[in-house]
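Examining the three-dimensional arrangement
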Amino acid sequence: MANILVVEDEENIASFIERGLSEFGHEVQVAYDGAAGWEILQKENFEVLILDVIMPKITGLELCRKYRQLYGFHSPVIMLTALGTTDDIVNGLEAGADDYMVKPFSFRELEARIQVLLRRSGVQVATPVKQCGDLVLEPQNHRALRSGKVIDLTVREYRLLEYLLLNQGTALSRQDIMKYVWDKEADRNTNVVDVYVNYLRTKIDKEFDRKLIRTVVGIGYMIEA
């Protein structure tokens, strides 16, 4: 888990990033313009900064320069922007950013880049274990256990189980599952989500009296103890 500051003036994007990072166990604060972000930075320490480039009052580039001049290079900075030319990227890196992502972006890619930067900076991030009844998902070992028995999962099965556990007790649509697990829109002509839910049920529910994965009629699936 890392302490992350997001400075983004588009509230829907800021909310999307905040929710996603929180689901991965990070502590997230949000500022909606550069001046507000600078105020927060002078009061608190963060392990990662995510800055939009074009913002009111103080731009992301200016904010990054001010932060580097005063606090150095301890915390990595990711710049987010709709501007993706080579010159734009070079300007961001020259301002002191460690990485640069162009909107629209995949949240999975953002999280992966955060993890890379945290490893480079030497920050040890403890990924919380996820649990539902006697089912445990260990992100650091990338494995699942039920009643202490190790369950072998494919990459897709792991992603599916992870998403169900992140939203434990909540009914998830096939569309939502498709976006998270396959990172794309659901094709109405495919039943791939149902197929993989059945794969997962066979592995984590079949041998046990208590079934954890439920079908929610008219919506999709959920997991609960």
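Since the model is a prediction, treat every value here as computed from it, not as a measurement. (Residues numbered from 1 in each chain as written. Predicted model: local features only at pLDDT ≥ 70, side-chain atom pairs only at ≥ 80, totals over all residues. Heavy atoms only, no water.)

Quick notes on the layout of surface pockets
Unoccupied space between atoms shows up once a probe the size of one water molecule is rolled over them. What counts here: Throughout, the protein atoms alone are placed on a 1 Å grid, and a set of points is a cavity if a 1.4 Å probe fits but cannot get out or a pocket if it is open with protein on both sides within 12 Å along at least five of seven lines; lining residues have an atom within 4 Å of a point. Grid points are joined across faces, edges and corners, and a volume is the space filled by probe spheres set on the points. To qualify as a helix, a DSSP run of H or I must reach at least 4 residues; to qualify as a strand, a run of E must reach at least 2; elements of each kind are numbered from the N terminus. Charged residues are taken to be Asp, Glu, Lys and Arg, nonpolar residues to be Ala, Val, Leu, Ile, Met, Phe, Trp, Tyr, Cys and Pro, and polar residues to be all remaining types, Gly included.
Considered as a void within the structure, the largest pocket measures approximately 550 Å³ in volume. Lining the largest pocket are 17 residues, with Phe16, Phe107, Tyr163, Lys179 and Tyr180 sitting closest to its centre. Among the elements of the structure, α1 (11-23), α5 (107-121), α6 (155-166) and α7 (174-181) are those that each provide at least two residues to the lining of the largest pocket. Ranked by residue count, the leading element in the lining of the largest pocket is α1, at four residues. Residues belonging to the lining of the largest pocket are distributed by class as follows: six nonpolar, three polar and eight charged.

A word on unusual backbone geometry
As a reminder of what qualifies: Accessible area is worked out with a 1.4 Å probe on protein chains only. A residue is then buried under 20% of its type maximum, exposed over 50%, and partly exposed in between.
For the peptide bond that leads from Lys103 to Pro104, omega is -10°, which places it in the cis range. Position of Pro104 among the secondary structure elements: in the loop between β5 (99-102) and α5. The backbone phi angle of Lys57 is positive, close to 75°, even though this residue is not glycine. Looking at the element boundaries, Lys57 is found in the loop between β3 (48-52) and α3 (60-71). We classify Lys57 as exposed; its relative accessible area is 69%. For Ser147, which is not a glycine, the phi torsion comes out positive at approximately 50°. Positionally, Ser147 belongs in the loop between β8 (143-146) and β9 (149-151).

A word on the sheet that holds strand β2 (residues 27-31)
Where we set the bar: The pairing criterion for strands is at least two bridges between them, as found by DSSP. Axis definition: a line fitted to C-alpha atoms, over the contacting stretch in the case of helices. Angles run 0 to 180 degrees between N-to-C directions. Whether two residues are in contact is decided by their heavy atoms, any of which lying within 4.5 Å being enough.
Pairing is parallel across the open sheet formed by five strands, whose spatial order is β2-β1-β3-β4-β5. On the outer flanks of this sheet lie β2 and β5, each paired with one strand and no other. Within this sheet the neighbouring strands show an average axis-to-axis angle of 20°, counted without direction. Strand contacts of α1: β1 (3-7), β2, β3 and β4 (77-81), with the helix running at about 170° to β2, the strand carrying the most contacts.

Some thoughts on the side chain of Glu111
The cut-off we apply is this: When charges are counted, Lys and Arg contribute as positive and Asp and Glu as negative, whereas His and the chain ends are disregarded. Think of a salt bridge as a Lys or Arg side-chain nitrogen and an Asp or Glu carboxyl oxygen that are within 4 Å of each other.
Mapped onto the secondary structure, Glu111 falls in helix α5. For the buried Glu111, which has no salt bridge, the nearest side chain bearing the opposite charge is Arg119, at an N-O separation of 8.5 Å. Each residue touching Glu111, except ones within four places of it in the same chain, is listed here: Leu21, Phe24 and His26.

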